[in-house]
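Observations on the model geometry
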Amino acid sequence: MRKLSYYQKVQASFIILILLPLMVISMLSYKSTKDMVKEKISLSNRSVLNLLSKDISKTVDDLNYVTHFYVENDDTIQTLNDVKDTAQIKSYRDYEDYQRVIASFDFISIKMLSTEIHMFLVNNKGFIIPYSDSMSGKTTSINVLNRHWKLLQPQIDRNQTTHLQSLGIVSDPKDGNSYYYFSRVIKHPKTGEPLAVLNIGISKKYFETLFESARTGKLALYDENGKIIAGDSKVAFEGENKVNGEIRDEVIIPISKWKLIHKTTKEEITGQISKTFFVSAIIVIVFFFIFLFISFLIAKRLHRPIQRLSFVATKFGKGERDVRFLPAGRDEINELGRTINNMLDEINNLIEKIEREQEEKREIELRALFAQIRPHFLLNTLNSIKCSLFINNDYEHADKISALMSLLRAYMKIDESSTIESECKLLTYYIEIMRMRTEVNVDLIVEMEDQVKNIKLPKLLLQPFIENAIVHGFSERSAGEIVIRVNKIDQWGFITISDNGKGMSENQILEINRMLKCDSEAASYNRVGLKNIAKRLKLYYGSNGDINFQRNDNGGIKIVIQIPFDTDKEGEK
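So, a few notes on the structure that sits alongside this text.

What counts and how
- Residues numbered from 1 in each chain as written.
- Predicted model: local features only at pLDDT ≥ 70, side-chain atom pairs only at ≥ 80, totals over all residues.
- Heavy atoms only, no water.
- Axes fitted to C-alpha atoms, helices over the stretch in contact; angles between N-to-C directions.
- Helix = DSSP H or I, 4+ residues; strand = E, 2+ residues; numbered from the N terminus.
- Parallel < 35°, antiparallel > 145°, perpendicular 65-115°, else oblique.
- Left-handed = near helix turned anticlockwise from the far one by under 90°.
- Contact = heavy atoms within 4.5 Å.
- Nonpolar A, V, L, I, M, F, W, Y, C, P; charged D, E, K, R; others polar.
- Buried < 20%, exposed > 50% of the residue type's maximum accessible area, 1.4 Å probe, protein only.
- Pairing = 2+ DSSP bridges.
- Salt bridge = Lys/Arg side-chain N within 4 Å of Asp/Glu carboxyl O.

**A short note on the packing of helix α11 (residues 420–438) against helix α12 (residues 463–473)**
At a minimum axis separation of 11 Å, α11 and α12 run at an interaxial angle of 25°. In this view, α11 runs roughly parallel relative to α12, as classed from their interaxial angle. Classified by chirality, the crossing of α12 by α11 is right-handed. Between α11, through Leu427, Tyr430, Ile431, Met434 and Thr438, and α12, the contact on the second element is made entirely by Gln463, Ile466, Glu467, Ile470 and Val471. Residues that form the contact of α11 with α12 fall into these classes: 7 nonpolar, 2 polar and 1 charged.

**Thoughts on the pairing of strand β4 (residues 177–187)**
Across the 11 residues that make up β4, a large majority, 10, are buried. Here strand β3 (residues 165–172) runs beside β4; their pairing, made up of 7 bridges, is antiparallel. Its bridge partner being in β4, Ser166 is matched across the sheet by Phe182. As defined by bridge partners, β4 adjoins strand β5 (residues 194–203) across 9 bridges and the pair is classed as antiparallel. Looking at the pairing, Tyr180 lines up with Ile202 of β5. Joining the antiparallel neighbours β4 and β5 is a turn of 6 residues, in which Gly192 adopts a positive phi near 75°.

**Focus on the sheet that holds strand β14 (residues 492–499)**
Taken together, the 5 strands give an open sheet; going across it, the order is β11-β13-β14-β16-β15, and neighbouring strands pair in mixed fashion. Edge strands, defined here as strands with exactly one partner in the open sheet, are β11 (441–448) and β15 (546–551). Pairwise comparison of adjacent strand axes, ignoring direction, gives a mean angle of 15° for this sheet. Here β15 runs beside strand β16 (residues 557–564); their pairing, made up of 6 bridges, is antiparallel. Across the sheet, Asn548 pairs through a bridge with Val560, a residue of β16.

**Digging into the pattern of salt bridges**
Throughout the structure, instances matching the rule amount to 16 salt bridges. Across the salt bridge formed by Lys40 and Glu355, the nearest N and O atoms sit 3.4 Å from each other. Here Lys40, found in helix α1 (residues 6–72), pairs with Glu355, found in helix α8 (residues 332–372); they are 315 residues apart in sequence, far enough to count as distant. Between Asp62 and Lys58 there is a salt bridge; the shortest N-O distance is 3.3 Å. Taken together, the residues span about one helical turn, with Asp62 and Lys58 both in helix α1 at a distance of 4 residues. Connected through salt bridges with shared partners, the residues Asp82, Arg93, Asp97 and Arg100 form a single ionic network.

It is worth stressing that arrangement in space is one thing and function is another; only the former is reported here.
If you want it as structure tokens, here you go:
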């Protein structure tokens, strides 16, 4: 260094302070970015795999439920016993028996929501009774089912009646589709006489549609014998041939013992990041040599900008992604700084793009999880319980189940508007359930004029007031009375809710009224429900809606809700 000239020393300093740190920082940034992206992709793949496995598991569970229905239902066993030896429909009696079998399909149609799943029964004479989708009206052709049955029949163990039999893939060249079949041999539970064979096929299109939700990587589904059911056959059943850098996840589906595999190659993980990095590196190197040539002439002038450039590179290497070089002119150093800024912007944009994609995937996953909770399944289950109670002459509990179903339907449609008459009807269901829960005998009296029955208001607006009256007003009593009066005065509708509970002090009433009229977000935990009601009222009616708490002559609380009578117009506001 002592034998070098001043400018050579400056150039050597430039090389040490700029080129070397820039290369090191770029490599570290590239490695850290690649590791971060790989980790996020791995987490996303596992989440997608879990969601897909849950969907497939639910489908298999539904099929298992269908077969148990046919084995354990006495009416269905009797129906199958009537048609076990029918070779064809020759009489009206045969037709009636055939229709009863068709009708039995309707009881399980709620489980067969996918149009890519078909089912058919085959009796002892080889007579096929197909399942017809009640929602789409789709029925698989008898010719197709005959071809499938010829392929399935040799694989069925007639002595195995305790569970589903996995038969594997059936490909129909004429149909142009493939199905994975399960079969269940149905015998008479008392005599042991064979009645029919229930066959259920899952179309390959079902799995292909399901696998489309995975935006990266490849998916494959294998049965317990290692035969591929759907997906990419390049994804191996065993993971011994796993290439370094790839991500491979697998999960076993319960009952069926299928294996679902998700694999993402190294190129899919880091290909775009590597390409952007090397292109940016080439650009930086080109500009660096241009800068090095010119710096011999203006070394002193460029000394300070180089220090700034080194500062930016160092800070970015430490994780401060918002740091940028501030150009002060149009020379090569400043151009180099702009190029580095562009490179950093590209890296940031790429990271942000990946984060957005991962966030979108998480949102899709959440929606899929929520989709697993099927409200209609809960309602149908409650309806089945209610029917069972009616059959057993337990009308009291059947009415309570019916009341609960009405409330659940209202909760699922909370965003829809309602009418005062409908809300009061829901309150009777709510009172019935609360009598059972709290053992407080509460009488609900509703008095309303005919002209106000159809006034619109937000759904479940009145229910919190009734709940507060029961929980707080009648907490120390075993009986009580709640009166709801609805009337019209001029262009206003008034809803008055009165109870004969223990009531509140004047200071408490003043505090609640002051809170309901205040726009502040602050509210005690015990008053959050009332605050939410006031907000909903303001959002629905604007400034025309009002709630006022008063002392009741009977010692309880009286709540007066004022709303405009022209509810359609005010609701639009």
